[in-house]
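Residue-level listing of the chains:
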Amino acid sequence: MKKLFKCTVCGYVSEGAPVKCPKCGVDENKFEELSSEASEKIYRSNKSNDIHIEIIALAEKIAFLSQEGIDDNLDPKCVSAFTQAKNEAWTIKQRSKAELAGHMSLGKW
Ligand SMILES: [Zn+2]
């Protein structure tokens, strides 16, 4: 597990000591080394964060396909099923977004 350093200007987290922030461009003296506890939180939550991000992308795809089905308008039952799927996709997406927002506020990012 590499040591993590956080940019005190923009919050970018770097593995190892950076020369320059790749996000905001400040020099290395604006980075602070994270404690092993803080680093562990970030490494430990990395996979779950990636899964939430992928779920959000899949839910967006479901919403897009559902809208295509709604627009196709084959019959009322199909439109109803697609409308439900679109609404459920919104719920799935927002639930994962809320979880990610919680992770960010707890330093699991
Ligand atoms: Zn920065």
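An account of the accompanying structure is given in this report.

Reading the values: rules and limits
Residues numbered from 1 in each chain as written. Predicted model: local features only at pLDDT ≥ 70, side-chain atom pairs only at ≥ 80, totals over all residues. Heavy atoms only, no water. Pairing = 2+ DSSP bridges. Helix = DSSP H or I, 4+ residues; strand = E, 2+ residues; numbered from the N terminus. Axes fitted to C-alpha atoms, helices over the stretch in contact; angles between N-to-C directions. Donors = N, O, S within 2.8 Å, 3.2 Å for Na, K, Ca; no water. Tetrahedral: all angles 85-135°; square planar, octahedral: opposite > 155°, others 65-115°.

Here's the deal with the sheet that holds strand E2 (residues 13-15)
Backbone hydrogen bonds hold the strands of a sheet together, and the pairing may be parallel or antiparallel. Reading across from one edge, E2-E1-E3 is the order of the 3 strands in this open sheet, with antiparallel pairing throughout. Both outer strands of the open sheet, E2 and strand E3 (31-33), are each paired with one neighbouring strand and no more. Strand-to-strand twist in this sheet, taken as the mean axis angle between neighbours without regard to direction, amounts to 30°. Bridge count between strand E1 (residues 4-7) and E2: 3 bridges; the pairing is antiparallel. Its bridge partner being in E2, Leu4 is matched across the sheet by Glu15.

Some points on the coordination of the zinc ion
Angles between donor atoms at a metal ideally measure 109.5 degrees for a four-coordinate tetrahedral arrangement and either 90 or 180 degrees for a six-coordinate octahedral one. Surrounding the zinc ion are the protein donor atoms Cys7 (SG), Cys10 (SG), Cys21 (SG) and Cys24 (SG), which sit 2.3 to 2.4 Å from the metal. Coordination at the zinc ion is tetrahedral, judged from the 4 donor atoms that bind it and the angles of 103 to 116° they form at the metal. All donor residues of the zinc ion come from one chain, and their arrangement in sequence is C-x2-C-x10-C-x2-C. Residue Cys10 is found in the loop between E1 and E2, and its partner Cys21 is found in the loop between E2 and E3; the two are separated by 11 residues along the sequence.

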